[in-house]
Number of protein chains: 2
Amino acid sequence: MKMSAGVEWSLHCCTALSTSARPVPVTKLAELHGVSQTYLAKHMQALSRAGLIHAVEGRDGGYLLSRPGAEISVYDVVQAVDGPEPAFRCTEIRQQGPLPATGEACKVPCGIAKVMAAAETAWRDSLQAVTLADLAATLDSTSPGAWDAVRHWLSGTRFDAP
Amino acid sequence: MKMSAGVEWSLHCCTALSTSARPVPVTKLAELHGVSQTYLAKHMQALSRAGLIHAVEGRDGGYLLSRPGAEISVYDVVQAVDGPEPAFRCTEIRQQGPLPATGEACKVPCGIAKVMAAAETAWRDSLQAVTLADLAATLDSTSPGAWDAVRHWLSGTRFDAP
DNA sequence: GGATAGTTACTCGGATACCATGTGTCCGAGTCGTAACGG
DNA sequence: CCGTTACGACTCGGACACATGGTATCCGAGTAACTATCC
């Protein structure tokens, strides 16, 4: 089981976006994090399709969070990039073979599927409890002023710093 | 993020093994669940390497649980088949780009990595709380006598039923 | 000086190759049960 | 009748192809800002 690296990139980018009131192009985001521009663009498109961010077109355009960072959970981002389907998918092999489960027992989901689903629910709940604003606040507490530097850099080449 | 189908197969097989005191060959397990013998064999090898089951060689051999089903958690099986490394891997992109995190901030793990790790811990804890014996008991409560049928079938072609 | 049309540069968006990992299969090494054989 | 030996069949174990999805890239469509021109 491997999660796409795009999830990590997207989380960092969305957290950065949550601190910027101005549209930020993919070029900037990729350079800031030192990752591939084109591949990051692919994931940003996924976030855009999911409605988490929206694009400002044209020159000086870029991406902007659709909602405040406090209203976007980490799970929202993970789901947008990684897809909504659960990692474990029951293929109902209990209905196969020489001793298939009877229609009676199949009324309820497979016990194994239930356990796996419960675990994924716990995982999802844990991610839903954290918002982008929480992430930003955490970083801000460990290294104060970091976001100011990011904000300053994001707008650095466009107009001079005050 | 996709989990290997072998996880589902392995869980079903291990649960079946937990009800059998006799070695069960892969051939039987695959036929019972209606899956590929050779591919299932691959996953059973992984379980064997992990020490969850051990092979009885030679004729009338097969696989046997190394420990009682009550002492093997669902997570043990998942980890054996799926691998121990977590789904989310922090690549420390905070240290890249024009504004890398300073050595001071890197003393503590990345906030995003911490959140993802906490979620995976919740997932793991959920799976560790359930044992193979629990799974067997659940199925037994929904369709009583099912395991007797399985036990009977597993030894069916080898010696006559009582 | 102000409005306007043209130009330019920059942005996103989808369609297109490449590669690692999961999926599926095969054959060989080793071992136990069985049966034949000899004492 | 009992012990030995050879055989055979069955088991696991690792090494070998194929397919799917993540990884990475490119180029085209569209838009807003800027500039130069004209009134």
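All of the points below concern the structure found in this document. (Residues numbered from 1 in each chain as written. Chains lettered and ligands numbered in written order. Predicted model: local features only at pLDDT ≥ 70, side-chain atom pairs only at ≥ 80, totals over all residues. Heavy atoms only, no water.)

**Focus on empty space enclosed by the protein**
Rolling a probe over the atoms, with the probe sized like a water molecule, indicates the empty space that remains.
Part 1 of the reasoning: Evaluated as defined, the whole model comprises 1 cavity of 30 Å³ or more.
Part 2 of the reasoning: Computed from the structure, the largest cavity encloses a volume of approximately 100 Å³.
Part 3 of the reasoning: Around the largest cavity, the lining residues are M1, A87, E120 and W123 of chain A together with M1, A87, E120 and W123 of chain B.
Part 4 of the reasoning: Every element with two or more residues in the lining of the largest cavity is listed here: α5 (111-128) of chain A together with α5 (111-128) of chain B.
Part 5 of the reasoning: Broken down by class, the residue content of the lining of the largest cavity amounts to 6 nonpolar, no polar and 2 charged. (1 Å grid on protein atoms, 1.4 Å probe; cavity = no way out; pocket = protein on both sides within 12 Å on 5 of 7 lines; lining within 4 Å. Points joined across faces, edges and corners; volume = space filled by probe spheres on them. Helix = DSSP H or I, 4+ residues; strand = E, 2+ residues; numbered from the N terminus. Nonpolar A, V, L, I, M, F, W, Y, C, P; charged D, E, K, R; others polar.)

**Focus: the relation of the copies chain B and chain A**
Part 1 of the reasoning: Aligned on chain A, chain B shows an RMSD of 0.1 Å; the corresponding rotation is 180° and the shift along the axis is 0.0 Å. Taken together, the rotation and translation relating the two chain copies correspond to the operation of a two-fold axis. For chain B, the residue whose C-alpha comes nearest the rotation axis is W123 of chain B, separated from it by 2.5 Å. (Least-squares fit on C-alpha atoms with pLDDT ≥ 70 in both.)

**Looking at unusual backbone geometry**
Residue and element names in this part refer to chain B.
Part 1 of the reasoning: One non-glycine residue with positive phi stands out, namely D60, at about 60°.
Part 2 of the reasoning: Note on placement: D60 falls in the loop between β1 (53-56) and β2 (62-65).
Part 3 of the reasoning: Although it is not a glycine, E92 sits at a positive phi angle of roughly 60°.
Part 4 of the reasoning: Mapped onto the elements of the fold, E92 is located in the loop between α4 (74-82) and α5.

**Describing the interface of chain B and chain A**
Often, the extent of an interface is quoted as the loss of accessible area upon association of its parts.
Part 1 of the reasoning: Opposite the 50 residues of chain B that make contact, chain A presents 50 residues.
Part 2 of the reasoning: Here chain B packs against chain A, burying approximately 4,300 Å² in sum over the two surfaces, 73% of which is carbon and sulfur.
Part 3 of the reasoning: Counting the surface chain B buries against chain A, the share from its top three residues, M1, E8 and I93 of chain B, is 18%.
Part 4 of the reasoning: Put simply, chain B and chain A have 0 salt bridges between them.
Part 5 of the reasoning: Joining chain B to chain A, the criterion identifies 6 residue pairs in polar contact (both at pLDDT 80 or more). (Contact = heavy atoms within 4.5 Å. Buried area = accessible area lost by both parts, 1.4 Å probe. Salt bridge = Lys/Arg side-chain N within 4 Å of Asp/Glu carboxyl O. Polar contact = N/O pair within 3.5 Å; in protein donor to acceptor, adjacent residues only side chain to side chain.)

**Notes on the protein's contact with DNA strand D**
Part 1 of the reasoning: In the vicinity of DNA strand D there are 18 residues, among which S4, S36 and Y39 of chain A together with R49 and Y63 of chain B approach most closely.
Part 2 of the reasoning: Counting only the atoms of DNA strand D that lie within 4 Å of the protein, the sugar and phosphate share comes to 70%.
Part 3 of the reasoning: At a separation of 3.1 Å, a base nitrogen of DNA strand D approaches a polar side-chain atom of Q45 of chain B.
Part 4 of the reasoning: Elements that contribute at least two residues to the surface near DNA strand D include exactly α3 (37-49) of chain A together with α3 (37-49) and β2 of chain B.
Part 5 of the reasoning: Class assignment for the residues of the surface near DNA strand D results in 6 nonpolar, 8 polar and 4 charged. (Near = heavy atom within 4 Å.)

**Concerning helix α2 (residues 26-33) of chain A**
All names here are of chain A.
Part 1 of the reasoning: Of all 8 residues that make up α2, 6 are buried, and the element is covered over most of its length.
Part 2 of the reasoning: Within α2, burial applies to V26, K28, L29, A30, L32 and H33.
Part 3 of the reasoning: Tucked into the core, α2 has its buried residues touching α1 (5-18), α3, β2 (62-65) and α7 (146-154).
Part 4 of the reasoning: One or two positions beyond α2, positive phi appears at G34, with a value near 70°. (Buried < 20%, exposed > 50% of the residue type's maximum accessible area, 1.4 Å probe, protein only.)

**Focus: the environment of A113 of chain A**
Residues and elements named next belong to chain A.
Part 1 of the reasoning: Within the secondary structure, A113 sits in helix α5.
Part 2 of the reasoning: Taking the C-alpha atoms as reference, A113 lies 8.9 Å from E92; in sequence the two are 21 residues apart.
Part 3 of the reasoning: Ignoring any residue separated from it by four or fewer positions in sequence, one finds A113 in contact with F88 and C90.

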